[in-house]
Amino acid sequence: MCTRSKLVCAACLLACGCLPLRGQVYPVPIPGGDIFPSVGGPITFVNQFLPGVGTIFDGLNAEPHGIVNTSGIVAMGYTAGTATDGANTYNIGTDIRVYQGTYVGAMAALGAAGSVSSRAHGTFVEI
Amino acid sequence: MFWIVQIPDDAVVISGNTLTIHVANLAIEDEIAFLGTIRIPSTLSFDITYTKSGKPRKIEPTSQDPLGAFHWAGRMWMATNSGTFSVSRDDGSFSATGSFSSSGMFGEMGTEKNGIFVGEDDQGENESAHEAAEPAHSVQSSEPATLPAPLRARMKGTTK
């Protein structure tokens, strides 16, 4: 197979690979977030804030959403509880957030796997 | 497990002061440890009810820093929540059921605009979103549900 044929095949494969992605609008994480020091490990930047009052939180009115360029409904809350696997009992904590509304995210565009902005509606849960 | 996943619109129902979410057999990955690097395919189901109370806080952007925590607008109510869940690893090595509640810990629900929507007039679509947080309402989607669609790993301030 000549070089040109290989290039054409590669381009076709790339294009075909992108087809299933077209039409789906991927939400984009908020650009900011918390930076967590880690004892004995790397510092971790997380695209998420922790609303709340107290030293470990980011403030009462801190951004509760995990997706940027969005307009809609958000619900969140910290919890505590227990779980069991039948033999053991575990203490658990959760921070589950619900997002529903309009967002402007990234949609695949034919080419070198590029994307363009696109408006969509969706419901998301953060677990 | 620290993921944002898209779910069907009808998994969320808003009625009066409550928002309920029902998710069944959601394919996720168990990270095992906080900031873990090992991920085990798992299945999660849960039901949660968020209940708002009191009067809403009107949130205005107090910072123009797009990376900051205060560059958004909305109306938020304090909220409690409680729920139940079941989870199992697909390889059968672990499964558990449990329940949880906010019991005094921080929670909130309401409407929000961020990013390019900040500063947009509270008319039309946004007003609909404000209203959706109050009366009985269920929003239908024109987008197909794409389950599962884990977008990114992230961490929480609480253990899972």
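Treat the numbers as computed from the prediction; the structure is a model and nothing was measured.

Draft legend 1. Examining the overall build of chain A more closely. When helices and strands are counted, chain A shows 1 helix and 7 strands. Seen in sequence order, chain A has helices and strands lined up from the N terminus as α-β-β-β-β-β-β-β. Buried positions account for 37% of the 127 residues belonging to chain A. Restricting the contact set of chain A to residue pairs at least 6 apart, pairs at least 24 apart contribute 46%.

Draft legend 2. Representation of the overall build of chain B. Counting secondary structure elements, chain B contains 1 helix and 7 strands. Counted from the first residue to the last, chain B has its helices and strands arranged as β-β-β-β-β-β-β-α. Each of the 160 residues in chain B was classed as buried or not, and the buried ones make up 36%. Long-range contacts, defined here as pairs at least 24 residues apart, represent 62% of the contacts in chain B between residues at least 6 apart.

Draft legend 3. Geometry of the pairing of strand S4 (residues 40-59) of chain B. Residue and element names in this part refer to chain B. Sheet topology note: the strand S3 (residues 18-30)/S4 ladder contains 11 bridges and is antiparallel. Residue pairing for S4: Glu 29 is matched across the bridge by Pro 41. Sheet analysis places S4 next to strand S5 (residues 72-89), joined by 15 bridges and oriented antiparallel. Following the sheet pairing, Thr 51 is matched in S5 by Thr 80.

Draft legend 4. Here's a closer look at the interface of chain B and chain A. Across the boundary between the two partners, chain B contributes 69 residues, which contact 62 residues of chain A. When residues of the side of chain B that touches chain A are traced back to their parent elements, those giving at least two are strand S1 (4-7), S3, S4, S5, strand S6 (95-101), strand S7 (107-114) and helix H1 (125-132) of chain B. If you tally residues by element for the side of chain B that touches chain A, the top one is S7 of chain B, at 8 residues. Among the residues making up the side of chain B that touches chain A, the classes are represented as 36 nonpolar, 23 polar and 10 charged. Where strand S4 (residues 70-84) of chain A meets S6 of chain B, 5 bridges bridge the pair, whose relative direction is antiparallel. In the sheet register, Thr 84 of chain A faces S6 of chain B, and the bridge partner there is Thr 97 of chain B.

Draft legend 5. Summary view of the nonpolar core. If you look at the biggest cluster of nonpolar residues, it comprises 39 residues, and the most contacted ones within it are Ala 75, Val 98 and Val 125 of chain A together with Leu 19 of chain B. Those elements that place two or more of their residues in this core are S4, strand S6 (97-109) and strand S7 (114-126) of chain A together with S1, strand S2 (12-15), S3, S4 and S5 of chain B. With 7 residues, the top contributor of residues to this core is S5 of chain B. Discounting chain neighbours no more than four positions away, the residues touching Val 98 of chain A are Val 74, Ala 75 and Val 125 of chain A together with Val 12, Leu 19 and Ile 21 of chain B.

Draft legend 6. A look at the confidence of the model for chain B. Residues and elements named next belong to chain B. In the predicted model, chain B carries a mean pLDDT of 80, and the fraction of residues at 70 or more is 72%. Note on residues 124-160: pLDDT under 50 across the span, and 90 contacts to partners over four residues away in sequence or across chains. Reported for the predicted complex are a pTM of 0.79 and an ipTM of 0.81.

Draft legend 7. Geometry of the environment of Ser 88 of chain B. Residues and elements named next belong to chain B. By the secondary structure assignment, Ser 88 is in strand S5. Taking the number of C-beta atoms within 10 Å as the measure of exposure, Ser 88 has 18 and is therefore partly exposed. In this structure the C-alpha to C-alpha distance between Ser 88 and Asp 30, which are 58 residues apart in sequence, comes to 9.2 Å. Not counting residues up to four positions away in its chain, the partners in contact with Ser 88 are Ser 42, Thr 43, Phe 94 and Ser 95.

Draft legend 8. Main features of the confidence of the model for chain A. All names here are of chain A. A residue-level look at chain A finds 82% of positions with pLDDT of 70 or above and a mean pLDDT of 85. When pLDDT is averaged over each helix and strand of chain A, the minimum, 47, is found for helix H1 (residues 3-18) and the maximum, 97, for S4. Long-range and interchain partners of residues 7-20, a stretch whose pLDDT sits below 50, account for 4 contacts in this model, where long-range means more than four residues apart.

Conventions used here
Residues numbered from 1 in each chain as written. Chains lettered and ligands numbered in written order. Predicted model: local features only at pLDDT ≥ 70, side-chain atom pairs only at ≥ 80, totals over all residues. Helix = DSSP H or I, 4+ residues; strand = E, 2+ residues; numbered from the N terminus. Buried ≥ 20, exposed ≤ 12 C-beta atoms within 10 Å, placed from the backbone. Contact = placed C-beta atoms within 7 Å. Pairing = 2+ DSSP bridges. Nonpolar A, V, L, I, M, F, W, Y, C, P; charged D, E, K, R; others polar. Core = buried A, V, L, I, M, F, W, Y, C linked by C-beta atoms within 7 Å. pLDDT = per-residue confidence, 0-100.

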